[in-house]
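Each chain, written out:
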Amino acid sequence: MATHTPKNILITGAAGFIASHVANRLIRNYPDYKIVVLDKLDYCSNLKNLNPSKSSPNFKFVKGDIGSADLVNYLLITESIDTIMHFAAQTHVDNSFGNSFEFTKNNIYGTHVLLEACKVTGQIRRFIHVSTDEVYGETDEDAVVGNHEASQLLPTNPYSATKAGAEMLVMAYGRSYGLPVITTRGNNVYGPNQFPEKLIPKFILLAMRGKPLPIHGDGSNVRSYLYCEDVAEAFEVILHKGEVGHVYNIGTKKERCVIDVAKDICKLFSMDPETSIKFVENRPFNDQRYFLDDQKLKNLGWSERTTWEEGLKKTMEWYIQNPDWWGDVTGALLPHPRMLMMPGGRHFGSSDDGNSTSDSYAPSGSNQTRMVTRMVVPTPKSGVSPHKPSLKFLIYGRTGWIGGLLGQLCEKQGIPFEYGKGRLEDRSSLLADVQNVKPTHVFNAAGVTGRPNVDWCESHKTETIRVNVAGTLTLADVCREHGLLMMNYATGCIFEYDAAHPEGSDIGFKEEDKPNFTGSFYSKTKAMVEELLKEYDNVCTLRVRMPISSDLNNPRNFITKISRYNKVVNIPNSMTILDELLPISIEMAKRNLRGIWNFTNPGVVSHNEILEMYKTYIDPSFKWMNFTLEEQAKVIVAPRSNNEMDASKLKKEFPGLLPIKESLIKYVFEANRRT
């Protein structure tokens, strides 16, 4: 039997129900393991679920989305993760009928991001993927043997279809790239901390309120229920003893009809089932039965410990002692709930502040990446000061690199700011932000570049248009309506060397030049929106190119990227040193500058010149190889922009602006020099 002893474990979704019990158990039982929790704190997550672990030295919480490739890569590298336990998912079947795309994004795309990060970093020794018994589809009512791990997958609803799809990706990465993957498929789980959209906590809370218990259909549907601590123990066993490449069912042969579950809860509360149970319309495709064969897991030494009666009593007692754990859950207690599924869309009082145990990581969702800091965004408090601040910034792109760095700079400079909550394409939410925050300036650092790179945009054109064009224009229009200057971080990747601006000529593209690069759909959208924004006299457009910062661990940093490539092209380009230029953008806002600005350091620098500096200052043993643009074209979907931008307009406004090579040395390489 194979054994695995992890050192640094990343558990996704561990502020949720099952994963929080697993995380708390591992932190308690294995003080030598470092447990890093990644959770975006969706509506069914709660930081209080991790209260037993928050003071443990081997515990770290990171708020973020598994869909951010930059954040995931960063965590794997900086935390030296060797094991991933992937629980994060949208799980409520009813919601999947109303918003199936959200399930695809979370359950399939999120899993794909994790797998790709594992492949790229090459350091993962176990990837445990948490699936569901629902991927098997409905079990025959008269079946005496449960579905075993090799049974056919026949999902019947959008939720289970996305979980089956994620499983296929996990299997493919195991076979294609040799990732050490293990998959689990579990029965229904119940116990303390569960969000009350699920059957048992919903019934318990309704019974506590003296309300009827709604039964979908006739209540004859059969389910198997496992107590949460037994399931946490199962994951502990699989973590240490599970065989790579195998699937393990986590189940019980003790089945119960839904109507019997309701009757048992009525009994605990001394309620009359005849008057306390209400039959409602059945949900679509409500599978009659799920039944698992769990012998394979038992062979590893696991067995169910908690009886149904004992577990149900413990669960009831916990909810009675913690009636307000989830706040207002009225919507979840409806017979057919439809919860709002938005990242960070639910907050849970004082525990959701990340104090002492939480790092705030802003992952990439646009043309920026991850920002690392312990950051508290100041919020206005009525009555604190009778004086209105002279400056207050509203920043969009909180989960991006530039947006995150802007927040840091505002804190450093003492400038009040808030991050926008609205989506760029949703005008009403932008109006609400402006009315609530009452800013003096708006900074737009949001947008879509693609995940993991611009090639994504080639197959997601409508999504790219929605944010980069429609969203940016909507924000500009809202700002104009309210007399606000919008600082818009755009791109210089809309030009390419041509006969009038040949490579090596020191003739750069100027602000008034018409974009000539249409090789990528991303660049097309950015050129399109820039042209339209010329009609708005309240916009300052900053053309950023190949951004670089002193954080050489950042996966979006141009230096970090090329230092990790097997081969690089060697072409001189204009670039943006964020450490120098982002503070300048704040000064530009203070000066109320408008129009288009080439937002790069003067001059150009080539890939090889940067890597030579990297070798000199960072790693003397560093080596690399070059390849041609023709060879590069064979491994990318969309061509890349190469050009020189004329920064004389910016240099005239800010005479102290350093040339690109001097800025690289001062802000990046000297700051990271290794002796």
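Before reading further, recall that the structure is shown in the block above.
Residues numbered from 1 in each chain as written. Predicted model: local features only at pLDDT ≥ 70, side-chain atom pairs only at ≥ 80, totals over all residues. Heavy atoms only, no water.

Q: Explain the environment of Ala445 to me, and be specific about the residues and the numbers.
A: For Ala445, the location among the structural elements is in the loop between strand E17 (441-444) and helix H14 (455-458). For Ala445, a relative accessible area of 0% puts it in the buried group. Measuring from C-alpha to C-alpha, the distance between Ala445 and Tyr396 comes to 5.5 Å, with 49 residues separating the pair along the chain. (Helix = DSSP H or I, 4+ residues; strand = E, 2+ residues; numbered from the N terminus. Buried < 20%, exposed > 50% of the residue type's maximum accessible area, 1.4 Å probe, protein only.)

Q: Tell me what's going on with the sheet that holds strand E11 (residues 255-257), and back it up with residues and numbers.
A: Spatially, E7-E9-E11 is the arrangement adopted by the 3 strands of the open sheet, whose pairing is mixed. Two strands close off the open sheet at either side, each with one partner strand: strand E7 (188-190) and E11. Between one strand axis and the next, the sheet turns through 50° on average, direction left out of account. Bridge count between strand E9 (residues 222-227) and E11: 3 bridges; the pairing is antiparallel. When the bridges of E11 are listed, Arg223 appears paired with Arg256. Along the sheet face, helix H7 (residues 228-241) touches E7 and E9 and points at about 75° away from the line of E9. (Pairing = 2+ DSSP bridges. Axes fitted to C-alpha atoms, helices over the stretch in contact; angles between N-to-C directions. Contact = heavy atoms within 4.5 Å.)

Q: Can you explain the nonpolar core? Please cite residues and give values.
A: Ranked by size, the top nonpolar core spans 71 residues in total, and within it Ile11, Met85, Ile200 and Ile265 carry the most contacts. Sorting elements by how many residues they give to this core places H7 first, with 8 residues. One finds Phe393, Phe443, Leu485 and Leu582 within the second-largest nonpolar core, a separate group that totals 33 residues. (Core = buried A, V, L, I, M, F, W, Y, C linked by side-chain atoms within 4.5 Å.)

Q: If you had to explain the side chain of Asn46 to someone new, which residues and values would you point to?
A: With respect to the helices and strands, the residue Asn46 is situated in the loop between strand E2 (34-39) and strand E3 (59-63). The class of Asn46 is buried, set by a relative accessible area of 0%. Among the polar contacts made by the side chain of Asn46, one reaches the main-chain amide nitrogen of Lys48 at a distance of 2.9 Å. (Polar contact = N/O pair within 3.5 Å; in protein donor to acceptor, adjacent residues only side chain to side chain.)

Q: So what's going on with the packing of helix H6 (residues 199-208) against helix H8 (residues 258-268)? Which residues, and what values?
A: With their axes 10 Å apart at the nearest point, H6 and H8 run at an angle of 35° to one another. At the point where H6 passes H8, the crossing takes the right-handed sense. From H6, Leu199, Ile200, Phe203, Ile204 and Ala207 reach across to H8, where they touch Val258, Val261, Ala262 and Ile265. Here the residues of the contact of H6 with H8 sort into 9 nonpolar, no polar and no charged. (Left-handed = near helix turned anticlockwise from the far one by under 90°. Nonpolar A, V, L, I, M, F, W, Y, C, P; charged D, E, K, R; others polar.)

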